[in-house]
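Descriptive analysis of the structure
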Amino acid sequence: MHPLLRISEEVRAALADGRPVVALESTVIAHGLPYPGNVETATAIEKAVRDAGAVPATIGLADGRFTVGMSESDLERFGTAQGIPKVSSRDIGVVLAGGGLGATTVASSLVAASLAGIRVFSTAGVGGVHRGAGETFDISADLVQFTRSPVAVVCAGAKSILDLGLTLEYLETQCVPVIGYRCDDFPAFYCRSSGHRNPQRIDELPLLVRALRAHWATGTEVGALVTHPIAEADALDSEYVEGAITDALAQADAQGVTGPAITPFLMKAVSAATAGASAAANRAVLVSTAALAGEVAVALTAAGQEETS
């Protein structure tokens, strides 16, 4: 085991036995809903993974190491502690050296997942190229980390607040496969479509798994995005959300909100504009992507076992 990892007994046993595991981030706990809704949501996400036949491995930083596979007490600790920093890839060393708590983003979760040998990760929406990036150069570290961690990222596309066209262009430049599972359009988090097409579409799980395995068989260390939209019953109207984002961007500009502060500012503004409906949609899509990630992990593990049998 890598010295920077503290892997739970359940996750350790699953990895040793070659059973499917799904990595999960902890930002949703520390920077998501208020307590106890944040812990309840994290528990629902883990249950969705288990119901699909895989083992959940929620990741965070604590006491100088990555925690891979949180216990109930870990979830409570992250859900109730105040001021837990959001840790992206660049922040890992400083937070580990300090020995305190850190909530992992997509990027930092992928670092830990790769070190632990976990091939599937689930999140609602990945980061991407921010609007106005031509002037600000504001591009999420998630996109860079995809090129360094050979992990399948199951998601509902990218957050609506981003420039999703440029996000797809950046992913193409970095040779990151983007595969729509049973969907033509690249999803936009809690909206079913971004208005942009997925570069590839696959409708059958066995074919998706073969595509992922073939991708990594080339020797690449690049991950892959598997996108699947939020259920229609839970989705928000894209035009209404776009209007809320436009208004929020104007407010952020007027108040001088920039850098890492812009994402939580915009997300809160959209939540307020939708009277909390975006929070409910966020929870729904977190659970649905976790369920699909569990299915992918199970199928990916089975394919590997068939090859070696």
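Conventions used here
Starting from 1, residues in each chain are numbered consecutively following that chain's sequence as written. In keeping with the predicted nature of the model, local features appear solely for residues at pLDDT of at least 70, side-chain atom pairs appear and are counted solely at 80 or more, and the whole-chain, interface and lining totals rest on all residues. To obtain the side-chain values, all non-hydrogen atoms of the structure were included, while hydrogens and water were left out. Only DSSP runs of H or I reaching four residues or more are called helices, and only runs of E reaching two or more are called strands; each is numbered from the N terminus. Note on definitions: a residue-residue contact is assigned when non-hydrogen atoms from the two residues lie within 4.5 Å. Partly exposed residues are those whose accessible area sits between 20% and 50% of the maximum for their type, while under 20% is buried and over 50% is exposed, using a 1.4 Å probe and protein chains only. Counted as a polar contact is a pair of N or O atoms within 3.5 Å, where, for protein atoms, one must be capable of donating a hydrogen and the other of accepting one, and residues adjacent in sequence contribute only when both atoms are in side chains. Each Phe, Tyr or Trp ring (for Trp, its six-membered ring) is paired with any other whose centre lies within 6.5 Å, and the angle between the two planes then decides the class: stacked below 30 degrees, edge-to-face above 60, tilted in between. Two limits define a charge over a ring: the Lys NZ or Arg CZ must be within 6 Å of the ring centre, and within 35 degrees of the ring normal. Residues belong to a common nonpolar core when they are buried Ala, Val, Leu, Ile, Met, Phe, Trp, Tyr or Cys residues joined through side-chain atoms within 4.5 Å. By definition, two strands form a pair when at least two bridges between them are found by DSSP. The axes used here are C-alpha line fits, helices contributing only the stretch in contact, and every angle between their N-to-C directions lies in the interval 0 to 180 degrees. The labels follow the angle: roughly parallel below 35 degrees, roughly antiparallel above 145, roughly perpendicular from 65 to 115, and oblique for the rest. It is the rotation of the near helix from the far one that decides the hand of a crossing: anticlockwise by less than a right angle makes it left-handed, clockwise makes it right-handed. As defined here, a cavity is a set of points on a 1 Å grid over the protein atoms alone where a 1.4 Å probe fits but cannot get out. A pocket is an open set with protein on both sides within 12 Å along at least five of seven lines, and residues line them when an atom is within 4 Å of a point. Grid points are joined across faces, edges and corners, and a volume is the space filled by probe spheres set on the points. Polar here means any residue other than Ala, Val, Leu, Ile, Met, Phe, Trp, Tyr, Cys and Pro, which are nonpolar, and Asp, Glu, Lys and Arg, which are charged; Gly is therefore polar.

The next point concerns the side chain of Thr-27. Checked against the element boundaries, Thr-27 lands in helix 2 (residues 27–30). The contacts of Thr-27, once residues within four sequence positions are left out, are Gly-32, Lys-86, Ala-103, Thr-104 and Thr-105.

Before going further, it helps to examine helix 6 (residues 106–116). Burial analysis of helix 6 places nine of its 11 residues in the buried class, which makes it a mostly covered element. Of all the positions in helix 6, only Val-106, Ala-107, Ser-108, Ser-109, Leu-110, Val-111, Ala-112, Ala-113 and Ala-116 are classed as buried. Where helix 6 begins, the capping side chain belongs to Thr-105, and its oxygen is found 3.3 Å from the backbone nitrogen of Ala-107. Just downstream of helix 6, Gly-117 is the residue with a positive phi angle, here 85°.

The tally for this structure, following the rule as stated, stands at one aromatic pair. When the centroid spacing of 4.7 Å and the interplanar angle of 40° are considered together, the rings of Phe-189 and Tyr-190 count as tilted. Across the pair, exposure class does not vary: Phe-189 and Tyr-190 are buried alike. Across from the ring centre of Trp-216, 4.3 Å away, lies the NZ or CZ of Arg-119, which sits over that ring.

Moving on, we get to the nonpolar core. Counting 102 residues, the largest nonpolar core has Phe-66, Val-68, Phe-146, Tyr-190, Leu-208 and Leu-225 as the members making the most contacts within it. The element that contributes the greatest number of residues to this core is helix 13 (residues 277–308), accounting for 11 residues. Excluding residues that lie within four positions of it along the chain, Tyr-190 makes contacts with Ser-160, Ile-230, Ala-235, Leu-236, Val-241, Met-267, Val-270, Ser-278, Ala-281 and Asn-282.

Here we come to the pairing of strand 8 (residues 152–155). Consecutive side chains along a regular strand alternate between the two faces of the sheet. Along strand 8, one buried face is formed by Ala-152 and Val-154 and the opposite face, lined by Val-153 and Cys-155, is buried too. One ladder, built from four bridges, connects strand 8 with strand 11 (residues 224–227); its direction is parallel. Bridged to Val-154 within strand 11 is Val-226.

Another point: the side chain of Ser-278. On the secondary structure map, Ser-278 appears in helix 13. For Ser-278, a relative accessible area of 4% puts it in the buried group. In this structure Ser-278 touches Tyr-190, Leu-236, Val-270 and Ser-271, once residues within four positions along its chain are discounted.

So, about the packing of helix 10 (residues 205–217) against helix 13. Packing of helix 10 against helix 13 leaves a shortest axis separation of 9 Å and a crossing angle of 65°. By the angle class used here, helix 10 and helix 13 are roughly perpendicular. By crossing handedness, the relation of helix 10 to helix 13 is classed as right-handed. Contacts between helix 10 and helix 13 involve Leu-205, Leu-208, Val-209, Leu-212, Arg-213 and Trp-216 from the former and Glu-295, Val-296, Ala-299, Leu-300, Ala-303, Gly-304 and Glu-307 from the latter.

With that settled, the discussion passes to empty space enclosed by the protein. Tallied over the entire structure, the rule returns one cavity of 30 Å³ or more. By volume, the largest cavity is sized at about 80 Å³. Together, Leu-24, Glu-25, Val-28, Ile-29, Ala-42, Ile-45, Thr-58, Ser-122, Thr-123 and Leu-286 line the largest cavity. Of all the elements in the fold, those that place two or more residues in the lining of the largest cavity are helix 2 and helix 3 (37–51). Class assignment of the residues belonging to the lining of the largest cavity gives a composition of six nonpolar, three polar and one charged.

Helix-helix packing is described using two parameters, namely the angle between the two axes and the distance between the axes. Contact pair helix 11 (residues 238–255) / helix 12 (residues 262–273): the axes reach a minimum separation of 9 Å and the direction vectors enclose 130°. Of the possible angle classes, the one that applies to helix 11 and helix 12 is oblique. With respect to the hand of their crossing, helix 11 and helix 12 are arranged in right-handed fashion. Along the contact surface, helix 11 presents Tyr-240, Ala-244, Ile-245, Ala-248, Leu-249, Gln-251, Ala-252 and Gln-255, while helix 12 presents Ile-262, Phe-265, Leu-266, Ala-269, Val-270 and Ala-273. Within the contact of helix 11 with helix 12, the residues separate by chemical class into 12 nonpolar, two polar and no charged.

Purely spatial values, then, with no claim about function.
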